[in-house]
Amino acid sequence: MRPSFPRPPEPRFVPAGEHPLWDEALATVNRDLAATLPGQHPLCLIAYPADADEDEDERVYVALADGNAHGNALQPAGSADWALWGIADAAQDTITGCLWQVWPVCTLHGLGMHLAKQSGRPVWSCAGGGRPGDPAHVRAAVGELDTVHRPHRPNRKRRKDGKGR
Ligand SMILES: [Zn+2]
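Quick caveat, the model's predicted, so the values are computed rather than measured.

## Structural notes on the sheet that holds strand β8 (residues 137-141)
- Taken in spatial order, the 3 strands line up as β6-β7-β8 in an open sheet, and their pairing is antiparallel. With partners counted over all chains shown, the strands left at the sheet margins are β6 (114-118) and β8, one partner each. Here the strands of the sheet are splayed against their neighbours by 50 degrees on average, with no regard to which way each runs.
- When strand β7 (residues 121-126) meets β8, the two strands line up antiparallel, connected through 4 bridges. Across the sheet, the residue bridging to V123 is A141, located in β8.
- Taken strand by strand, helix α2 (residues 80-99) contacts β6 and β7, and its axis lies near 165 degrees from that of β6.

Set out below in structure tokens:
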């Protein structure tokens, strides 16, 4: 007889190195988080043990730093692009579900963006203004929202070191 456990199984934080594809994808998505919600701690991975009477692996979720997660468990990823898609999708679920805020938002239109694929890479896509001349558009590749939120200002550095012409 299998003993029964009255307490729900304890989740654990997943240390770096256990799932290299997910680690890399999470670092990429955390760049988008830092660029758009600077007050948030980086997202992490949290694992829940499999149900005792089911033959399955533990379930891994993208979680806030406090361990809260929302949405579905990650699906095993066979490639970096699929891992990035899965992590970005899960991050969006967790931020939306736990923080009650739309993420990420297109700063041009004020609209929540959704994942799309462009040349095989996951990108953040916005539905656009819904008017002629203001169509749906890709805002940035996942991991590159900092390039549209914090654009380079090459002049600034030049002035600082006094070598600008
Ligand atoms: Zn937009």
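Moving on from the coordinates now.
## Here's the deal with unusual backbone geometry
- Cis peptide bonds are those with omega within 30 degrees of zero, and the linkage from W103 to P104 qualifies with -15 degrees.
- Its location among the elements puts P104 in the loop between α2 and β4 (105-106).
- Of note, the phi angle at W100 is positive, near 55 degrees, even though the residue is not glycine.
- Along the polypeptide, W100 turns up in the loop between α2 and β4.
- Of note in this structure, S119 is not a glycine but carries a positive phi near 50 degrees.
- Of note, S119 is situated in the loop between β6 and β7.

Rules used throughout
- Residues numbered from 1 in each chain as written.
- Predicted model: local features only at pLDDT ≥ 70, side-chain atom pairs only at ≥ 80, totals over all residues.
- Heavy atoms only, no water.
- Pairing = 2+ DSSP bridges.
- Helix = DSSP H or I, 4+ residues; strand = E, 2+ residues; numbered from the N terminus.
- Axes fitted to C-alpha atoms, helices over the stretch in contact; angles between N-to-C directions.
- Contact = heavy atoms within 4.5 Å.

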